[in-house]
Protein chains: 2
Amino acid sequence: MEEKRVRVIEIKKSVFENNDRQADQLRQELREKGIFLLNLMSSPGSGKTTTLTRTIEALRGRFRIAVMEADIDSDIDARKIAALGVETVQLHTGGMCHLDAGMTRQGIEELTSGHIDIAILENVGNLVCPAEFDTGAARNAMILSVPEGDDKPLKYPLMFQVCDVVLINKMDVLPYFDFDLERCRENIAKRNPKAKVFPICAKTGEGIEAWAEWLAQQAGSF
Amino acid sequence: MEEKRVRVIEIKKSVFENNDRQADQLRQELREKGIFLLNLMSSPGSGKTTTLTRTIEALRGRFRIAVMEADIDSDIDARKIAALGVETVQLHTGGMCHLDAGMTRQGIEELTSGHIDIAILENVGNLVCPAEFDTGAARNAMILSVPEGDDKPLKYPLMFQVCDVVLINKMDVLPYFDFDLERCRENIAKRNPKAKVFPICAKTGEGIEAWAEWLAQQAGSF
């Protein structure tokens, strides 16, 4: 398996005032090209990159996948993903706390390795700002990890409202935290009754298959 | 111990363009009034409120403490702190991802219970935006919890650069995570060689005394 080189893109602030319109336009263009864009959001340290690694392994061979890694400064995550042999562009946000549709488009335009079925945007680690900006993705996903607590849907409502799916990660450490999975499901449902919820452990691979199957279905019919 | 009522303040966006100047002015005014303002920052779910509870218990009787709880929407944290009998104002940021000096001033002006020695601002749970805005605090503190990972200083550099002290929380779960305390100290030092580092466990109280003593020293001579 050939490790891909990570290209680093210095993202410029969008010049467009109307992000929603730009997002709808990008979504439409991606649909026409057959590229399913997933926007993956979470707090810092919830396990986005490990989850992404597992997801890529689960879908390898069925879909051609590319990844855009938004990171304020480092390229730690991008190098991990590129090591899987997946085309990866690193979007340096220069301190910006989120990506909008214009920035996402800059990333998409850098994906040059031929046809892509699924493009995954690993957004900046932040439960607040990324929820406010439509990136043009077909679906929004978020990860909440067990150590963060089951009350997060009450405290960061918008993030849970905009997500189609919530992955509850680090299920292996459930015995060591005051985290009640049923209460968490109820709190998520208060914000977003339609959200799909998958408990997973990216470290061990537990639960990844069900989530990857859901993603495959979405990518196959969007 | 009488539980305090939580007052809720709807924070307005600052009209001031020059936040740094406003922050310096607020810092100067607070110094003249003898109020030590601590700005406490972290990711969602790192244990800010539990740490704050332990810190208040450790300093109770020596300092008159008041708390400003920034929260996007809920009042869960503010009610926990008010239950300690400490004056607490809830700053509703209305979706905003950080506090600046103008917003902090709105909170300070709502603290009405007589002289305060230490005012603690629990900032919005976010490792990105709060680092960019000087609140006017005398000192900046942050919490990094073990489950978030020891690489966070590399990935969220500005937050570590602006903090005088880093509390490493949830030390009780160290055996269950790939977190190397020494590597974390090295990563923090790369960003900010002057930062004080205190490993703590807010849940059990481990390490709180050393941190509270440092805080008492700072508040006694700022």
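Relevant structure appears above.
A short tour of the structure in this document, coming up. (Residues numbered from 1 in each chain as written. Chains lettered and ligands numbered in written order. Predicted model: local features only at pLDDT ≥ 70, side-chain atom pairs only at ≥ 80, totals over all residues. Heavy atoms only, no water.)

What to know about the nonpolar core
Step number 1: Ranked by internal contacts, the top residues of the largest apolar core, which has 88 residues, are Ile168 of chain A together with Ile168 of chain B.
Step number 2: In this structure, Ile168 of chain B is in contact with Leu144, Val146, Phe179, Leu181, Cys184, Ile188, Val197, Phe198, Pro199 and Ile200 of chain B, ignoring residues within four places of it in sequence. (Core = buried A, V, L, I, M, F, W, Y, C linked by side-chain atoms within 4.5 Å. Buried < 20%, exposed > 50% of the residue type's maximum accessible area, 1.4 Å probe, protein only. Contact = heavy atoms within 4.5 Å.)

Quick word on the pattern of salt bridges
Step number 1: In the structure shown here, the tally under the stated rule is 20 salt bridges over all chains.
Step number 2: Two residues, Arg105 of chain B and Glu29 of chain B, come together in a salt bridge whose shortest N-O distance is 3.0 Å. Linking Arg105 of chain B in helix 4 (residues 101-108) with Glu29 of chain B in helix 1 (residues 19-33), this pair joins segments that are 76 residues apart in sequence.
Step number 3: Since its relative accessible area comes to 17%, Arg105 of chain B is described here as buried.
Step number 4: Bridged by salt links that share partners, the residues Asp24, Arg27 and Asp134 of chain A form one connected network. (Salt bridge = Lys/Arg side-chain N within 4 Å of Asp/Glu carboxyl O. Helix = DSSP H or I, 4+ residues; strand = E, 2+ residues; numbered from the N terminus.)

Structural notes on the side chain of Asp150 of chain A
Step number 1: Inspection of the secondary structure assignment puts Asp150 of chain A in the loop between strand 6 (139-145) and helix 5 (152-155).
Step number 2: Polar side-chain contacts of Asp150 of chain A include one of 2.8 Å to the backbone nitrogen of Asp180 of chain A. (Polar contact = N/O pair within 3.5 Å; in protein donor to acceptor, adjacent residues only side chain to side chain.)

Quick notes on empty space enclosed by the protein
Step number 1: With the rule as written, the count across this model stands at two cavities of 30 Å³ or more.
Step number 2: Estimated volume of the largest cavity: approximately 60 Å³.
Step number 3: What lines the largest cavity is a set of 13 residues, among which Ser145, Pro147 and Glu148 of chain A together with Ser145 and Glu148 of chain B lie closest to the centre.
Step number 4: Per-class residue counts for the lining of the largest cavity are four nonpolar, six polar and three charged.
Step number 5: There is about 50 Å³ of room inside the second largest cavity. (1 Å grid on protein atoms, 1.4 Å probe; cavity = no way out; pocket = protein on both sides within 12 Å on 5 of 7 lines; lining within 4 Å. Points joined across faces, edges and corners; volume = space filled by probe spheres on them. Nonpolar A, V, L, I, M, F, W, Y, C, P; charged D, E, K, R; others polar.)

So, the relation of the copies chain B and chain A
Step number 1: Its rotation angle being 180 degrees, the transformation that places chain B on chain A also includes 0.0 Å of axial translation and leaves an RMSD of 0.0 Å. As the rotation angle and translation indicate, the two copies are arranged about a two-fold axis. Within chain B, Asn126 of chain B has its C-alpha nearest the rotation axis, a separation of 3.0 Å.
Step number 2: A symmetric contact is evident, with 100% of the interface residues of chain B recurring at the interface of chain A. (Least-squares fit on C-alpha atoms with pLDDT ≥ 70 in both.)

Quick word on the environment of Ala189 of chain A
Step number 1: The topology assignment puts Ala189 of chain A in helix 7 (residues 181-191).
Step number 2: Expressed as a C-alpha distance, the spacing of Ala189 of chain A and Trp211 of chain A, which sit 22 residues apart in the sequence, is 18 Å.

A few points about the interface of chain B and chain A
Step number 1: Taken residue by residue, the interface counts 34 residues in chain B and 34 residues in chain A.
Step number 2: A buried area of about 2,600 Å², summed over both sides, lies between chain B and chain A, and 58% of it is on carbon and sulfur atoms.
Step number 3: Contact with chain A buries area across many residues of chain B, yet Pro44, Lys155 and Tyr176 of chain B alone supply 22% of it, more than any other trio.
Step number 4: Summed over the shared surface of chain B and chain A, the number is two salt bridges.
Step number 5: The salt bridge partner of Asp77 of chain B is Lys155 of chain A, with a shortest N-O separation of 2.8 Å.
Step number 6: Counting across the interface, chain B meets chain A through seven residue pairs in polar contact (both at pLDDT 80 or more).
Step number 7: No other element matches helix 5 (residues 152-155) of chain B, which puts three residues into the side of chain B that touches chain A.
Step number 8: Of the residues contributing to the side of chain B that touches chain A, the split by class is 16 nonpolar, six polar and twelve charged. (Buried area = accessible area lost by both parts, 1.4 Å probe.)

Some remarks on the pairing of strand 8 (residues 196-199) of chain A
Step number 1: Summarising the sheet, strand 7 (residues 165-169) of chain A and strand 8 of chain A pair through four bridges and their orientation is parallel. The partner of Val165 of chain A across the bridge, within strand 8 of chain A, is Lys196 of chain A. (Pairing = 2+ DSSP bridges.)

Quick notes on helix 4 of chain B
Within an α-helix, residues lying three or four positions from one another point in the same direction, as the helix has 3.6 residues per turn.
Residue and element names in this part refer to chain B.
Step number 1: For helix 4, a buried count of eight out of eight residues is recorded, marking the element as mostly surrounded by other parts of the structure.
Step number 2: Inspection of helix 4 places Ala101, Gly102, Met103, Thr104, Arg105, Gln106, Gly107 and Ile108 among the buried residues, and these make up the whole buried set.
Step number 3: Backbone nitrogen of Gly102 and a side-chain oxygen of the N-cap are separated by 3.1 Å at the start of helix 4; the cap is Asp100.

So, the packing of helix 2 (residues 48-59) of chain A against helix 8 (residues 208-220) of chain A
Packed helices, taken two at a time, are described by the angle between their axes plus the distance between the axes.
Residue and element names in this part refer to chain A.
Step number 1: Closest axis-to-axis distance for the helix 2/helix 8 pair is 10 Å, and the angle between their directions is 70 degrees. With respect to their mutual orientation, helix 2 and helix 8 come out roughly perpendicular. The two elements helix 2 and helix 8 cross, and the hand of that crossing is right-handed. In contact with Thr51, Arg54, Thr55, Ala58 and Leu59 of helix 2, helix 8 contributes Ile208, Trp211, Ala212, Leu215 and Ala216.
Step number 2: Here the contact of helix 2 with helix 8 is built from residues that sort into seven nonpolar, two polar and one charged. (Axes fitted to C-alpha atoms, helices over the stretch in contact; angles between N-to-C directions. Parallel < 35°, antiparallel > 145°, perpendicular 65-115°, else oblique. Left-handed = near helix turned anticlockwise from the far one by under 90°.)

A look at unusual backbone geometry
Step number 1: In this model, Lys170 of chain A sits at a positive phi of 65 degrees, which is unusual for a non-glycine residue.
Step number 2: With respect to the secondary-structure elements, Lys170 of chain A resides in the loop between strand 7 and helix 7.

Things to note about helix 1 of chain B
Residue and element names in this part refer to chain B.
Step number 1: Here helix 1 is 15 residues long and its end C-alpha atoms lie 21 Å apart, about the 21 Å a rise of 1.5 Å per residue gives.
Step number 2: Contact partners of the buried residues in helix 1: strand 2 (36-42) and helix 4.
Step number 3: Sitting at the amino-terminal end of helix 1 is Asn18, which places a side-chain oxygen 3.3 Å from the backbone nitrogen of Asp20.
Step number 4: Taken from the residues just after helix 1, Gly34 is the one with a positive phi, measuring 75 degrees. (Expected span 1.5 Å × (residues − 1).)

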